[in-house]
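# Understanding the architecture of this molecule
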Amino acid sequence: MKKRYWIIIILLLLVGLDWVIRAPDSRSRQLTAVIAAQGSAKLQSYPYQFRVLKVTGETAFISTPRNVQVPAFKALAVLYPEIDTKNANDPAFIAAQTLLGEVQAEARAIVLAQPGIKDARWELDREWLAAHHIEVPER
């Protein structure tokens, strides 16, 4: 019986530790809230929600579903399953890719306009990609 209690206590501590490690700091949460509050209707209704993952000094790291290792067509296939993302000449694909660039630029501009932030860098949203069954490259 005592063994069970220790196991439960250890599991709870591990869950708590995992939450502390992965929980964004208050500045990141505040900047993410600013993106949501100040974003245009286009940004607010976009199927991927950009968020600030961390702030280091004067640099904010913003989540993104794409980068050089994970091309936009993979994320767009999840965001817009009705679009043929394999056809780079498909007008719907081109429009979706353009829209992703626009909302991404808007999210970055909002973060850069905040006091104390001088740089914004993109960081691949590995959790979102993995949750949507997109192969995530190793770091």
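What comes next concerns the included structure.

Rules and cut-offs
- Residues numbered from 1 in each chain as written.
- Predicted model: local features only at pLDDT ≥ 70, side-chain atom pairs only at ≥ 80, totals over all residues.
- Heavy atoms only, no water.
- Axes fitted to C-alpha atoms, helices over the stretch in contact; angles between N-to-C directions.
- Helix = DSSP H or I, 4+ residues; strand = E, 2+ residues; numbered from the N terminus.
- Parallel < 35°, antiparallel > 145°, perpendicular 65-115°, else oblique.
- Left-handed = near helix turned anticlockwise from the far one by under 90°.
- Contact = heavy atoms within 4.5 Å.
- Nonpolar A, V, L, I, M, F, W, Y, C, P; charged D, E, K, R; others polar.
- Salt bridge = Lys/Arg side-chain N within 4 Å of Asp/Glu carboxyl O.

## Comments concerning the packing of helix α2 (residues 26–38) against helix α5 (residues 91–112)
For the pair α2 and α5, the least separation of the axes is 9 Å and the interaxial angle reads 120 degrees. Between α2 and α5, the angle is such that the two are oblique. The handedness of the crossing between α2 and α5 comes out as right-handed. Residues V34, I35 and Q38 of α2 lie in contact with α5, whose contacting residues are E106, A107, I110 and V111. Looking at the contact of α2 with α5 residue by residue, the class counts come to 5 nonpolar, 1 polar and 1 charged.

## Quick look at the pattern of salt bridges
Applying the stated criterion across every chain yields a total of 5 salt bridges. Among the salt bridges present, the one from D125 reaches R51, with a minimum N-O distance of 3.1 Å. In this pair, D125 is assigned in the loop between β3 (119–124) and α6 (126–131) and R51 in the loop between α3 (41–44) and β1 (52–56), connecting sequence segments 74 residues apart. With a shortest N-O distance of 3.9 Å, E123 and K54 are connected by a salt bridge. A residue pair is termed long-range when its members are at least 10 positions apart, and E123 in strand β3 and K54 in strand β1 qualify at 69 residues.

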